[in-house]
Amino acid sequence: MELQLLIDKWDEIKEIVTKETETSVIAFNTWLKPLEIYDIVDDTVYIIYSEDSESRMIALIEKKYKLIFKNVIKDITGNRYDIKIILPDEALNINSSHKTNKNINNNDNNYINNNNYIDSNLNPKYTFSTFVVGGNNKFAQGTAYTVAEAPGEVCNPLFICGGPGLGKTHLMHAIGNQIMENDNNMKVLYVTAEEFTNEVIECIKNSRNKQNNDMTYFREKYRNADVLMIDDIQFFVNKESSQDEFFNTFNKLHTSGKQIIISSDKMPNEIEGFDDRYITRFEQGITAEIKIPDYETRVAIIRNKIENKNAYFPDDVIDYIATNIKSNIRSIEGAINKLIAYSNLENTDITIDNAKDLLDSIISPEKPKEITPQLIIEVVCEHYGVTIDQLISKNRSQNIIRPRHVAMYLCTQETDCSQDTIAKLLDRKDHSTIINARDNIIERLKTDSELQNQIDTIKKKIYSN
């Protein structure tokens, strides 16, 4: 069997590729060492790159090594295969009848080969040991670990919230991986709210066929889980069918003592578009917030990631990244990957000068954020789901009037622009319209707590990095 032949000879193949491409030790550790044979499907050999990365990084590896891998594999098997390098998350989408699975990650834990693990959608790279703990996430990490050690017994549901790129998804996968390591018979299921919604839509589409059992299978899949994790729950906003299915699934699992873990970019009481029955259920467990990491934590994250990639950054480069990328760990990782790629491709050391040069598009040194009426209008439109054309039109429907008045109010409160300037920007005759809208919102805020929450949320978006 050629798949087994490639697995057995994989170290030898990488050694040949290394010699023929004159790859340095650092480049080998970065590009070739993390590569593992995953499967052969039709005429394609799938190779997994087990390090954290992005598709553009995979493209660089393919550009440098794809042809030589083709030739070496042809010499060994006698067949010419196409080569496809993928990330671990992509492996589950490959239509394979004989997946090896043990190569999804360079990890020999027995639970990797368990069918429950394969069906769980977990990324084995995200564990508690690779999660850097700081003051911004200590409570969230501790609560998550408690859940992993005693699922369904405490902290149920666990609601993890925080901005994008701060580690919510990593923590959810870490919980699932820990649970599976403790008991590989547990049925753990991780899914994004978008994937859940797409499944609901597909079931509804197929429901016209009376013989179709998709919805029955869908409900059994989710309601028979021991641990259900839904990522980015805010995606359910204004999606009534998905909310209903999740609500019934939530009740069934919670009543049965099964563990539920939810993540969102907002606190439960800040999520708009959900009935109170959802919010009360979210809040009946524990809410753990992940905040923006402080400088020391960012330094620790950078050191951890470059160590895992067998790379070296001078202290001034680490300080430069930690000082200038504050709000998003994904951006930190993107900066690290970009520098390592440059170092390997150019066969040169990383210095503060080339770091500043290369990261110019990622890093914007701290400047006071300019709040303009244009920015406010864009954020208000995005929040309420209306277009700028609708906002400045003569439309008098309630779903347009409120966003319009909120935009006018915020422009007067958050900028130094004159009321006449704001009126022109919003295609109004004069400043009197702006004053009336402002006063209307001020009056409503005295009694309308929902409006207050909406404006607070919009202001957070306006001032977020």
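These figures come from a predicted structure and were not determined experimentally.

So, the pattern of salt bridges
Taken as a whole and judged by the stated rule, the model has 17 salt bridges. Close ionic contact of Lys70 with Asp82 constitutes a salt bridge, the shortest N to O distance being 3.8 Å. You can see Lys70 sitting in helix 4 (residues 55–77) and its partner Asp82 sitting in strand 3 (residues 82–86), a full twelve residues away along the chain. A residue is classified by how much of its surface remains accessible, and Asp82, at 32% relative accessible area, is partly exposed. Put simply, Asp265 and Lys266 hold a salt bridge, and the shortest N to O gap is 3.4 Å. Residue Asp265 is classed as partly exposed on the basis of its relative accessible area, which comes to 34%. Look at the salt bridges and you will find they share partners, linking Lys66, Lys70 and Asp82 into a network.

Things to note about the sheet that holds strand 1 (residues 35–41)
For sheets, the rule is that strands pair by backbone hydrogen bonds, running either parallel or antiparallel. Spatial ordering of the open sheet is given by 1-2-3, a layout of three strands whose pairing is mixed. Edge positions in the open sheet fall to strand 1 and strand 3, since each of these has one partner strand only. Geometrically, the sheet is characterised by an average inter-axis angle of 25° between neighbouring strands, direction not taken into account. The pairing of strand 1 with strand 2 (residues 44–49) spans six bridges and is antiparallel. Bridge pairing in strand 2 links Asp39 to Tyr46.

Some details on helix 9 (residues 193–206)
Relative to the 20 Å expected for 14 residues at 1.5 Å per residue, helix 9 spans 20 Å between its end C-alpha atoms, a close match to the ideal helical length. Among all positions of helix 9, only Ala193, Phe196, Thr197, Val200 and Cys203 are buried. For helix 9, the arc enclosing every buried residue in end-on projection is 120°, short of the 170-degree limit, so these residues lie on one face.

Remarks on the environment of Ile388
Within the secondary structure, Ile388 sits in helix 18 (residues 388–392). Its relative accessible area of 38% is what places Ile388 among the partly exposed residues. Along the sequence, Ile388 and Arg404 sit 16 residues apart, while their C-alpha atoms lie 9.5 Å from each other. Apart from residues no more than four positions distant in its own chain, Ile388 is found in contact with Ile377, Glu378 and Cys381.

Describing the sheet that holds strand 6 (residues 227–231)
Spatial ordering of the open sheet is given by 5-6-7-4-8, a layout of five strands whose pairing is parallel. Each having just a single partner strand, strand 5 (188–192) and strand 8 (286–289) make up the two edges of the open sheet. If you compare each strand with its neighbour and ignore which way they point, the axes differ by 15° on average. Pairing geometry for strand 4 (residues 158–161) and strand 7 (residues 259–264), over four bridges, is parallel. Its bridge partner being in strand 7, Phe159 is matched across the sheet by Ile262.

Focus on helix 17 (residues 373–384)
Across its twelve residues, helix 17 extends 16 Å between first and last C-alpha, which sits within 8% of the 16 Å expected from 1.5 Å per residue. Residues Pro373, Ile376, Ile377, Val379, Val380, Cys381 and His383 constitute the buried set of helix 17. Gly385 lies just past helix 17 and shows a positive phi near 70°.

Examining unusual backbone geometry
Asn156 connects to Pro157 through a cis peptide bond whose omega is 5°. Mapped onto the elements of the fold, Pro157 is located in the loop between helix 7 (138–149) and strand 4. One non-glycine residue, Asp232, adopts positive backbone phi at about 60°. Its location among the elements puts Asp232 in the loop between strand 6 and helix 11 (240–255). Not every positive phi belongs to a glycine, and Asn347 is a case in point at roughly 55°. As for its position among the elements, Asn347 is in the loop between helix 15 (329–346) and helix 16 (352–358).

Some remarks on the confidence of the model for the protein chain
Of the residues in the protein chain, 89% have a pLDDT of 70 or more, and the chain-wide mean is 83. Taken as a whole, residues 97–113 scores under 50 in pLDDT and shows 44 contacts with residues more than four places along the chain or in a different chain.

A few points about the packing of aromatic side chains
In the structure shown here, the tally under the stated rule is eleven aromatic pairs. An angle of 80° between the planes, with centres 5.3 Å apart, marks the rings of Phe247 and Tyr278 as edge-to-face. Taken as a pair, Phe247 in helix 11 and Tyr278 in helix 12 (residues 276–283) lie far apart in primary sequence, 31 residues in all. Pair check on accessibility: Phe247 and Tyr278 agree, each one buried. These aromatic residues form a ring-pair network of at least three members: Phe159, Phe196, Phe218, Tyr222, Phe236, Phe246, Phe250 and Phe282.

What counts, and at which threshold
- Residues numbered from 1 in each chain as written.
- Predicted model: local features only at pLDDT ≥ 70, side-chain atom pairs only at ≥ 80, totals over all residues.
- Heavy atoms only, no water.
- Salt bridge = Lys/Arg side-chain N within 4 Å of Asp/Glu carboxyl O.
- Helix = DSSP H or I, 4+ residues; strand = E, 2+ residues; numbered from the N terminus.
- Buried < 20%, exposed > 50% of the residue type's maximum accessible area, 1.4 Å probe, protein only.
- Pairing = 2+ DSSP bridges.
- Axes fitted to C-alpha atoms, helices over the stretch in contact; angles between N-to-C directions.
- Expected span 1.5 Å × (residues − 1).
- Arc of directions from axis to C-beta.
- Contact = heavy atoms within 4.5 Å.
- pLDDT = per-residue confidence, 0-100.
- Phe/Tyr/Trp six-rings, centres within 6.5 Å; stacked < 30°, edge-to-face > 60°.

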